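Fold and contact review
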Amino acid sequence: MKLDYRAELTTGQKRTTQMVVSAFFLLLTRKNFDDITVREICRNSLIPSSTFYNYFEDKYDVFRWAFFKYFYKFYPELHEKMNHYDLIDEDADRIFDFLQEFGPMLKKVFRKNPENGTLHQLITQCMTEIGDIIEENCTSGRDYQMPYEIVKHTYVDALRQILDQTFYGGQTFSREQLHTYMNKVFNPK
């Protein structure tokens, strides 16, 4: 990514990235990811392509930056050394809050993008990277009954399944359901 999603942006950078990301996601509510061009993003965000390329490499970079930026907004301690798996209840709250804030728009996006299409694959790649960040920053103070790599993939797969069930399956999860499900998966007793 050209931009660091953790960096504080200047007012001008915030305005430009917001215009690009908003235009991009508006296009995603109307079209399949594969059919969107940088030219369309620029036209809809009212910025020249030279400005676009100062910030982003391509439409994949726009998505990745937005994904990580918003994930980091909900999980600012993502890069801290801690045992993330002891924070399952906080994670459930964050997922619920994310779905509340972005759910309506994402439902429109997912309607235009097939379940195993390019956008879905990009989301899976980004979520796997989140799992790698968590793995890198988790402390080793907790014993797992299975290899940690399996725990990490189970966590990422659970998050992906929640999104898939919400946006492709039409499932609505309450905050309490997310707490229950995630605790059963990650803290079985």
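Scanning the chain from terminus to terminus reveals 8 helices and 0 strands. Buried positions account for 46% of the 189 residues belonging to the chain. Contacts in the chain between residues at least 24 apart in sequence constitute 74% of all its contacts with a sequence separation of at least 6. Surface summary for the chain: the accessible area is close to 10,200 Å², and the carbon and sulfur share equals 51%.

In this structure the tally under the stated criterion is 10 salt bridges. Here Arg6 makes a salt bridge to Asp4, at a shortest N to O gap of 3.9 Å. With relative accessibility at 41%, the residue Arg6 sits in the partly exposed group. A relative accessible area of 38% means that Asp4 is categorised as partly exposed. Of the charged contacts in the structure, one is a salt bridge between Asp91 and Arg94, with a shortest N-O distance of 3.8 Å. Separated by 3 residues within a single helix, Asp91 and Arg94 lie in helix α5 (residues 88-112), roughly one turn from each other. When sorted by exposure, Asp91 lands in the same class as Arg94, which is buried. If you follow the salt bridges from partner to partner, you end up with Asp93, Asp97 and Arg175 in one network.

What counts as what
Residues numbered from 1 in each chain as written. Predicted model: local features only at pLDDT ≥ 70, side-chain atom pairs only at ≥ 80, totals over all residues. Heavy atoms only, no water. Helix = DSSP H or I, 4+ residues; strand = E, 2+ residues; numbered from the N terminus. Buried < 20%, exposed > 50% of the residue type's maximum accessible area, 1.4 Å probe, protein only. Contact = heavy atoms within 4.5 Å. Areas by Shrake-Rupley, 256 points an atom, 1.4 Å probe, with all protein chains shown as cover. Salt bridge = Lys/Arg side-chain N within 4 Å of Asp/Glu carboxyl O.

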